Amino acid sequence: MANEKFDTQNVFGQGDKNDAYAQYFIGQSYLKNLVSADDNVNVNVGNVTFEPGCRNDWHIHHNGYQILLVTGGEGWYQENGKPAQLLHPGDVVTIHDGVKHWHGATKDSWFSHVAITTGTSEWLEPVSDAAYDALSKD
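Summarised in this report is the structure supplied together with it. The shown structure was predicted, so the numbers you read here are calculated from the model rather than taken from an experiment. Position numbers for residues count from 1 along each chain, tracking the sequence in the order it is written. In keeping with the model being predicted, local features are shown solely for residues with a pLDDT of at least 70 and side-chain atom pairs are shown and tallied solely at 80 or more, while totals for entire chains, interfaces and linings include all residues. The side-chain numbers reported here are obtained from all heavy atoms of the structure, hydrogens and water having been left aside.

Whenever a carboxyl oxygen of Asp or Glu lies within 4 Å of a side-chain nitrogen of Lys or Arg, that contact is scored as a salt bridge. Summed over the entire model, instances satisfying the criterion amount to 5 salt bridges. Linking R55 and D129 is a salt bridge whose minimum nitrogen-to-oxygen distance equals 2.7 Å. Of this pair, R55 sits in strand β5 (residues 55-56) while D129 sits in helix α2 (residues 129-133), and the two are 74 residues apart along the sequence. Take R55: its relative accessible area is 3%, and that puts it in the buried class. Two residues, K82 and E79, come together in a salt bridge whose shortest N-O distance is 3.1 Å. Each of E74, D108 and K137 takes part in a single network of salt bridges with overlapping partners. Only runs of H or I of at least four residues qualify as helices and only runs of E of at least two qualify as strands under DSSP, and these elements are numbered from the N terminus. Buried, partly exposed and exposed residues are distinguished by accessible area as a fraction of the type maximum, computed with a 1.4 Å probe on protein chains only: under 20%, between the cut-offs, and over 50%, respectively.

A pair of strands is labelled paired if DSSP reports no fewer than 2 bridges between them. Taken in spatial order, the 6 strands of this open sheet run β1-β3-β4-β12-β7-β10, and their pairing is antiparallel. The outermost strands of the open sheet, each flanked by one partner alone, are β1 (16-17) and β10 (92-95).

Below, the discussion takes up the environment of P89. Mapped onto the elements, P89 comes out in the loop between β9 (85-87) and β10. Judged by its relative accessible area of 42%, P89 is partly exposed. Between the alpha carbons of P89 and N40 there is a distance of 31 Å; along the sequence they are 49 residues apart. We call two residues contacting when some pair of their heavy atoms lies within 4.5 Å. When residues no more than four places from it in sequence are discounted, the contact partners of P89 are Q9, V70, T71, G72 and G73.

Right under this line is the structure:
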């Protein structure tokens, strides 16, 4: 999906370059914080936008979980040991405590999801180019 069409779907907006987490991404991502944890709210909510081909590294959420609400474009979600799932607007992914996974855009589309996250993240190895390039929408 082209950026111009994608921008009309990205209801929360692209946000700023995700420089704070850039070391855990291949390609450019953007982050718009919607709710940040404080003493009275123990959940982070952010709109994460991925340029085509961008994906995050394998990671695990400890002492919490993550819920992804897909809002635009096309992307991938994969749990360790399982096939990757192609994601579209309206899809919801629930990631339980301790599950190794990654998510990101397809090669030819922008992708955006709202991430609702609690706990801490353990960042692991990157998703290899070979594994990513082998993914097929067919």
